[in-house]
Amino acid sequence: RINFSSLVSLNSDSKVRWSFLTQFRTQFTDGYEYFDDANGEEDRRVETRFMSPGYLMFGPGLLYEPSENFKINASPATAKMTFVNKSFTSAPDYEDESYFGVGTNKSTRFELGFNLTANYKATLMENVTIDNTLNLYSNYLEDPQNVDIDYTLNLVMKINDILSTNLSFQTIYDDNAFEGFQVREVLGLGVNATF
């Protein structure tokens, strides 16, 4: 995954201040759908790739930050662009808007809506921290009642100055991308270095 998020705010002395949100995400390897071919052999076809889909969101808003570990950003006029490779939407049997909501023979989808981003960090015990991020998005232009959800939980357990263990859980609901919830779980071992 490639995930870039930036939140710029003005008037840092206040708990509530003007902000501007920018988020970009995509993947850097191909994603496949696996199936059995006519001979009963397992086969696969590319379903996703770098920048297919790619998501870019940006918009002004208000940031509420009562503490260093908790912040909520509300952006009532957030633009969301979805980018895909046109080869997926121009196939002869393509069903309109079935590939991440992008129309036939198109490579982009534009949405304008409300975005809410919340982040909460806490120390559970010595050397164990938890980071929660919740993104909610409602598209004013089409089905505003269908709210896109992206929730990520990161649990970091520091073993010593060099090693740490990371447990990540993510769930996504986006009716333009997939009918139902998508879930990702990752357990990793990290090496820390200070330069």
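Scroll up to find the structure this text is about.
Now for a look at the structure at hand. Being a predicted model, the structure only gives us computed values, none of them experimental. (Residues numbered from 1 in each chain as written. Predicted model: local features only at pLDDT ≥ 70, side-chain atom pairs only at ≥ 80, totals over all residues. Heavy atoms only, no water.)

With that out of the way, let us pick up the environment of aspartate 43. By the secondary structure assignment, aspartate 43 is in strand β4 (residues 42–48). Setting aside residues up to four positions removed in sequence, aspartate 43 forms contacts with Glu33, Tyr34, Phe35 and Asp37. (Helix = DSSP H or I, 4+ residues; strand = E, 2+ residues; numbered from the N terminus. Contact = heavy atoms within 4.5 Å.)

Inspection of the entire model under this criterion finds five aromatic pairs. A ring pair is formed by phenylalanine 88 and tyrosine 99, whose centres lie 4.6 Å apart and whose planes are at 20°; its orientation type is stacked. Pair noted here: phenylalanine 88 is in helix α1 (residues 86–89) and tyrosine 99 is in the loop between α1 and β7 (108–125), with a separation of 11 residues, a long-range link. In this pair, the class of phenylalanine 88 matches that of tyrosine 99, namely buried. Here tyrosine 173 and phenylalanine 181 contribute two aromatic rings whose centre-to-centre distance is 5.4 Å and whose plane-to-plane angle is 45°, an arrangement assigned as tilted. Residue classification places phenylalanine 181 among the exposed positions, given a relative accessible area of 52%. Above the plane of the ring of tyrosine 55 lies arginine 25, whose end atom (NZ or CZ) is 4.3 Å from the centre. Over the ring of tyrosine 32 we find arginine 44, and its NZ or CZ is 3.8 Å from the ring centre. (Phe/Tyr/Trp six-rings, centres within 6.5 Å; stacked < 30°, edge-to-face > 60°. Buried < 20%, exposed > 50% of the residue type's maximum accessible area, 1.4 Å probe, protein only. Lys NZ or Arg CZ within 6 Å of the ring centre and 35° of its normal.)

Remember, this is a structural readout, not a statement about activity or role.
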